[in-house]
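Letter by letter, the chains look like this.
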Amino acid sequence: MRHSIGLRVIRFLAALITAAAISWAAQAQDRVALVVGNSKYISANGVPNAVNDARIMARALREIGFVVADGFDLTRDSMERQIREFLRKSESAHVTLFFYAGHGLQVDGRNYLLPVNAKLEAASDLGFETIELDNILESLDGASRTNIIILDACRNNPFAQSFASRFGAGRSVTVLSGLAGYSNLGTGTLIAFSTAPGAVALDGNGSNSPFTKALARHVRTPGLEVRQMLTRVRADVAAETRGRQIPWDNSSLLGEVYLAGPGKPEPQSVDVSPAVPAPTADDILWEAIKSSGVAAVFEEFVNKFPTSPHAREAHRRADELKKSEVAMLPPGGGAQIGKLLTAPANAPIASFTRHNGGWSVAFSFAEPVTGISWRLGEVGNFRETGFMDAFDPRTRRRMPNPAIQLDADQPGTTIYVRFVDANGSLQGPFPIRFDPVWALEREQRKILEMTAGSWLSFREYNGLLLYYTHLMSYRCAIRQVRIGLNSTIPDRAIAMPPCNEKDPMAIPADAQPYLKVPPATGLVSVEITYRDGSVSEVKTFRR
């Protein structure tokens, strides 16, 4: 009898333990992560720290309650299999996180992650040898879930160099340094890069990269919202690299996300900001659209929420985007930038992007085109841009490459563009004025406005420091920066080194990208006067 009762008790306890384990597992599956690190590349130089970075991130995420799948030195098939399983698990999760360390490649504005057996010998190899990041983002897109993408993949890349030399400007593809940024993300998504778009990150002198080392340290901090956590990571990396590397992120999150839980932060966080009221409908929509580059999006916001506190900024952004589109239209004879005459309705629009290797110029057309050619200046032969490995359903032909490359020291000139329309008729040439100073200011201002949450950050190191590394990196768009300590009125100017047009984002070695501020400082306001004399709205940063 005693044996029978004891057996029933054991079975009962075992059932309780099993039920608890199932309940815990179900709860844990609400937070899933995939961590991939690729170091030992077969056809290119390796990335020594990538596997080490993936291992410490996997360990950190497990410690804060994520169910983590990890993979190291994965081939194309293995990497795809891991990602498919991760996407399947993410369907029932509330928070998903994907971390990748290794080589990455930016081609025609799209990002590709490289397995260790990747071999790129032709432009068509991209789709078969790599993993396209945009496909992962599209698969994760879902308003009911939080998606965090973290990439330590912007390192000096031999794939990018060899690929660009074979299939670069004037051929079929445009290959740029680093990874491409995202101005629009699916709702509920945050993407973080180890450095700014188009820039190259450092491997570091130790066993881990500066970015992942800082990330693994701060991701474990309870009570630290994910965007605040990334601000601390940015400050640590900027300090360690003396401003040569500035991590970057973009977000369409609709609420606060605490990866290590909403518990009390570590003592270093000092103060916890007062509770913020629940966001209103216009706040939620503004967070989703504020990084958009389309004027009509902001006009629609003003129409829908004319009394919103964001309406004025939305109206300003709409006007600015319209002007930037007009400013890229072909000028009449002798017209100056900002005083351009009316252009043909089918004239192309150009946008200019400065990167480590020079300038990328992307053309947009109002109608389908089947071929594009260009030249610099008034004389010389037109050069074809080549074709992409993509099919245009409107013309049922290969899509022409819409981008060209210019040297970093290219002086101001006129770019003449011709195109063949869907009927086979040659249109143009259309003149587009390239002013490198104006284009650099415009591009850096756009980045500053998209990343306003990163202008300032606090760090405690032998006192309280206020970092403005991000502002210094994009100083070519800035005439003056003013701040206010414990005040919403910026009343103090901070010095910026002069713009270096040859290496615009690099911070001089003798520049100090921070201020030592009083320990009682809990709030800092900041206002930017841009090069054209316009002034930003006042941004407030709390400790």
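For the structure, see preceding data.
Before going into details, it helps to say that this report is about the structure given with it. On a predicted model such as this, the values are computed, not experimentally measured, just so you know.

1. Quick notes on the nonpolar core
Counting residues in each nonpolar core, the largest one holds 70 residues, and the members touching the most others are L61 and L259. Ranked by the residues each element gives to this core, the list is headed by helix α2 (residues 50–63), at 7 residues. Discounting chain neighbours no more than four positions away, the residues touching L259 are R31, I64, F66, V95, L97, I148, V219, L224, V226 and M229. One finds A196, W455, L471 and I494 within the second-largest nonpolar core, a separate group that totals 27 residues.

2. Brief notes about the pairing of strand β25 (residues 523–530)
Of all 8 residues that make up β25, 7 are buried, and the element is covered over most of its length. As paired strands, strand β22 (residues 478–485) and β25 are joined by 7 bridges and run antiparallel to one another. The partner of V481 across the bridge, within β25, is I528. Bridge count between β25 and strand β26 (residues 539–542): 4 bridges; the pairing is antiparallel. When the bridges of β26 are listed, V524 appears paired with F541.

3. Some thoughts on the packing of helix α7 (residues 210–218) against helix α8 (residues 226–240)
Across the interface, α7 lies against α8 with an axial gap of 9 Å and an inter-helix angle of 140 degrees. The orientation of α7 relative to α8 falls into the category oblique. Regarding α7 and α8, the two cross each other, and that crossing is right-handed. Residues P210, F211, K213, A214, L215, R217 and H218 of α7 touch α8, and the partners they reach there are M229, L230, R232, V233, D236, V237 and E240. Grouping the constituent residues of the contact of α7 with α8 by class yields 8 nonpolar, 1 polar and 5 charged.

4. Focus on the sheet that holds strand β21 (residues 464–467)
Across the sheet, which stays open at both edges, the 3 strands sit in the order β20-β21-β24 with antiparallel pairing between neighbours. Only two strands of the sheet have a single neighbouring strand rather than two, namely β20 (457–460) and β24 (514–517). Going from strand to strand, the sheet's axes swing by 30 degrees on average, the running direction of each strand aside. Here β20 runs beside β21; their pairing, made up of 4 bridges, is antiparallel. Each residue of the ladder has a partner; that of E460, found in β21, is L464.

5. Considering the state of the cysteines
Covalently bonding the sulfur atom of one cysteine to the sulfur atom of another cysteine gives a disulfide. Inspection of every chain in the model, using the stated rule, returns 1 disulfide. Between the sulfur atoms of C476 and its disulfide mate C499 the distance is 2.0 Å. The sign of the S-S torsion, about 90 degrees, decides the handedness of the disulfide formed by C476 and C499: right-handed. Taken together, the residues C476 in the loop between α13 (469–473) and β22 and C499 in the loop between β23 (492–494) and β24 connect sequence positions 23 residues apart. Looking at C499, the relative accessible area reads 27%, which means it is partly exposed.

The rules behind these values
Residues numbered from 1 in each chain as written. Predicted model: local features only at pLDDT ≥ 70, side-chain atom pairs only at ≥ 80, totals over all residues. Heavy atoms only, no water. Core = buried A, V, L, I, M, F, W, Y, C linked by side-chain atoms within 4.5 Å. Buried < 20%, exposed > 50% of the residue type's maximum accessible area, 1.4 Å probe, protein only. Helix = DSSP H or I, 4+ residues; strand = E, 2+ residues; numbered from the N terminus. Contact = heavy atoms within 4.5 Å. Pairing = 2+ DSSP bridges. Axes fitted to C-alpha atoms, helices over the stretch in contact; angles between N-to-C directions. Parallel < 35°, antiparallel > 145°, perpendicular 65-115°, else oblique. Left-handed = near helix turned anticlockwise from the far one by under 90°. Nonpolar A, V, L, I, M, F, W, Y, C, P; charged D, E, K, R; others polar. Disulfide = S-S within 2.5 Å.

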